[in-house]
Amino acid sequence: MSKVYKVVVVGMGKRGKHHAAAFKNSPRFELAGISTRDPAKLEAAAAELGNPRRSTDPLALAKEVRPDIFCFCTPPTARLALIKAGIESGAELIAYEKPVALSMTEAIEIRKAVQAAGVKTVVSHQHRYGQHYQKVAEIIQSGAIGRVHTVYGHSVGWMLHLFTHLVDYMRWYNGNADAEWVMGQAAGRGKLADNHSSPDYIAGVIHFANGVRGQIETGAGAPDVPEVDYWWRKNRIGAQGSQGFAEVLTGGGWRAVTKDGVQSGEGCMSYDLDMPPYVEDMARWLDDDVTIHPCNGESAHKGFEITMAILRSVVERGQIRLPLGPGEPELEALSRVLPDRPVLLSTEASRKEYPGSAS
Ligand SMILES: NC(=O)c1ccc[n+]([C@@H]2O[C@H](COP(=O)([O-])OP(=O)(O)OC[C@H]3O[C@@H](n4cnc5c(N)ncnc54)[C@H](O)[C@@H]3O)[C@@H](O)[C@H]2O)c1
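Residues numbered from 1 in each chain as written. Predicted model: local features only at pLDDT ≥ 70, side-chain atom pairs only at ≥ 80, totals over all residues. Heavy atoms only, no water.

Undergrad: Help me understand the pairing of strand β2 (residues 29-35), please; the structure alone is not making it clear to me.
TA: In terms of residue burial, β2 counts as a mostly covered element, since six of its seven residues are buried. Strand direction decides the pairing type here: strand β1 (residues 5-10) and β2, joined by six bridges, are parallel. Paired with Val 10 across the two strands is Ser 35, which belongs to β2. Taken together, β1, helix α1 (residues 14-25) and β2 constitute a β-α-β crossover, and its handedness is right-handed. Both β2 and strand β3 (residues 53-55) contribute to a ladder of three bridges, which runs parallel. Bridged to Ile 34 within β3 is Arg 54. Taking the sense of rotation as the criterion, the β-α-β connection linking β2, helix α2 (residues 39-48) and β3 turns out right-handed. (Buried < 20%, exposed > 50% of the residue type's maximum accessible area, 1.4 Å probe, protein only. Helix = DSSP H or I, 4+ residues; strand = E, 2+ residues; numbered from the N terminus. Pairing = 2+ DSSP bridges. Right-handed = clockwise from strand over helix to strand, strands pointing away.)

Undergrad: Looking at this model, I keep getting lost on helix α7 (residues 159-173). Mind explaining?
TA: Counting along an α-helix, one turn takes 3.6 residues, and residues three or four places apart therefore face a common direction. A rise of 1.5 Å per residue sets the reference length of α7, with its 15 residues, at 21 Å; its end C-alpha atoms lie 20 Å apart and thus fit the reference within 8%. α7 sits mainly inside the fold: 14 of its 15 residues count as buried. Of the residues flanking the end of α7, it is Gly 175, one or two places downstream, whose phi is positive at about 60°. (Expected span 1.5 Å × (residues − 1).)

Undergrad: For this particular structure, what's the right way to read the site of the ligand?
TA: If you check the shell around the ligand, you find 23 residues, and the closest are Arg 15, Arg 79, Lys 98, Gln 126 and His 196. In the model, an oxygen atom of the ligand is placed 2.9 Å from a nitrogen or oxygen of the Gln 126 side chain. For the ligand, the accessible surface in isolation is 850 Å², of which the surrounding protein chains cover 81%. A breakdown of the residues in the shell around the ligand according to their chemical character gives seven nonpolar, nine polar and seven charged. (Near = heavy atom within 4 Å. Polar contact = N/O pair within 3.5 Å; in protein donor to acceptor, adjacent residues only side chain to side chain. Areas by Shrake-Rupley, 256 points an atom, 1.4 Å probe, with all protein chains shown as cover. Nonpolar A, V, L, I, M, F, W, Y, C, P; charged D, E, K, R; others polar.)

Undergrad: Can you help me understand the packing of α1 against helix α8 (residues 271-287) in this one?
TA: Relative placement of two packed helices is described by the angle separating their axes and the distance separating the axes. Interhelical geometry of α1 versus α8 gives an angle of 65° and a closest axis separation of 9 Å. Handedness of the crossing formed by α1 with α8: right-handed. Listed contacts from α8 to Lys 14, Arg 15, His 18, His 19, Ala 22 and Phe 23 of α1 are Tyr 271, Met 275, Tyr 278, Val 279 and Met 282. Here the residues of the contact of α1 with α8 are counted per class, giving seven nonpolar, two polar and two charged. (Axes fitted to C-alpha atoms, helices over the stretch in contact; angles between N-to-C directions. Left-handed = near helix turned anticlockwise from the far one by under 90°. Contact = heavy atoms within 4.5 Å.)

Undergrad: Before we go on, may I ask you to explain unusual backbone geometry in this structure?
TA: Most peptide bonds take the trans form, and the phi angle of most residues other than glycine is negative. Going from Lys 98 to Pro 99, the amide bond is cis rather than trans, its omega being -10°. Its location among the elements puts Pro 99 in the loop between β5 (93-96) and α5 (104-117). A cis geometry characterises the amide bond from Leu 322 onward to Pro 323, with omega recorded as -5°. Structurally, Pro 323 can be placed in the loop between β15 (320-321) and α10 (330-337). You will see that Asn 51, though not glycine, has its phi angle at about 55°, which is positive. Within the secondary structure, Asn 51 sits in the loop between α2 and β3. Even without being a glycine, Asn 176 presents a positive backbone phi close to 60°.

Undergrad: Quick question: what am I supposed to make of helix α4 (residues 80-88) here?
TA: Considered for burial, the residues of α4 that qualify are Leu 80, Leu 82, Ile 83, Ala 85 and Gly 86. Against the buried residues of α4 lie β1, α3 (58-65), β4 (69-72), β5 and α5. At the C-terminal side of α4, Gly 90 shows a positive phi close to 85°.

Undergrad: What is the right way to read the packing of aromatic side chains from this model?
TA: Here the structure, examined in full by the defined rule, presents eleven aromatic pairs. Summarising the aromatic geometry, the rings of Trp 158 and Trp 232 are spaced 5.0 Å apart at their centres and angled 50° between planes, so their arrangement reads as tilted. Linking Trp 158 in the loop between β7 (148-155) and α7 with Trp 232 in the loop between β10 (213-219) and β11 (235-241), this pair joins segments that are 74 residues apart in sequence. With a relative accessible area of 4%, Trp 158 lands in the buried category. When the ring of Trp 158 is compared with that of Tyr 354, the centres are 6.0 Å apart and the planes differ by 75°; the resulting orientation is edge-to-face. Placement of Trp 158 in the loop between β7 and α7 and of Tyr 354 in the segment after α10 is noted, with a sequence separation of 196 residues between them. Three or more aromatic residues link up through ring pairs in this structure, and these residues are Trp 158, Trp 231, Trp 232 and Tyr 354. Lying over the aromatic face of Trp 158, Lys 191 brings its terminal NZ or CZ to 4.0 Å of the ring centre. (Phe/Tyr/Trp six-rings, centres within 6.5 Å; stacked < 30°, edge-to-face > 60°. Lys NZ or Arg CZ within 6 Å of the ring centre and 35° of its normal.)

Following this line, the structure appears as structure tokens:
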């Protein structure tokens, strides 16, 4: 019989509850404990989740439960301290929400700490479990679009919400190649004060070691995806090759043109569909070290490094070579240099999300 892994989930907001429910509903896990800071929220979540052990103190709970998996789903400001709590709890795997960190320095600290402790990490770029995302990967990997020369991704949602999702899938569609250098530009200060602090608009080019070009944009100036109604899912990620292209729309299926003609199919980002296989791949990785989770922390680190390198390019100007060392927190540096000019929109559909944008 397969081993059942004990899990503690910290943070009982939207994503914490998604994770807790997915662990609870899988026979591969026991949801052994939950934690969040607000006692009333904690009691309400416990009632929904079969009354697991609970505490407002994540470390005390984890030390008592001794989980195999320490999972946390908190805002981007809470990362390194919870990674340290996960390591201290003795967990073999720490699963947490994107973005990996708030700065490159913090990401490097996280990577050092988990490597020193020999702990596996998984970061929630779970859109890739969507059937439409998978179909595009399958078409690209089959060779049907020929030699891939360009990968691209854009979203109207802002950077700290979506940039690392896009990079993660672009890297997947490009055989997980490393990036050698990037260059970027940004505009608009409105979202710097958000709890997902970001420029209103950012665009970058990525030169991958295999010669493939990456093009990425998030925020107010990114193109609309008129085929998709739901604003947060107006994202397009794909690859162009010597014989065609294949792309996924987060909220609107997939399409491809290859030498065999035009094809398209269904699919829409869905937490209900994506979370079960996402958590079950954690059990498989714990069962067997060679079955590495597709959302492993090392891959997420590389995507986050590309993101921070593009921010450094905005601040320092010019090309930025990877890998990056520690440095001034990129979002603070950006805040020093970003001009106080209203961002220009690409679509009226984005105006309510960027109220300071130019008319
Ligand atoms: N992967 C995805 O598809 C996806 C989708 C939405 C959000 N997210 C990410 O998930 C994370 C959480 O987002 P959310 O929408 O669930 O937020 P939320 O505000 O709904 O919930 C956050 C929870 O964390 C708790 N919390 C905050 N600071 C804490 C701390 N220091 N220690 C313990 N608990 C703490 C809060 O009390 C709250 O319960 C963010 O990083 C966000 O970017 C990912």
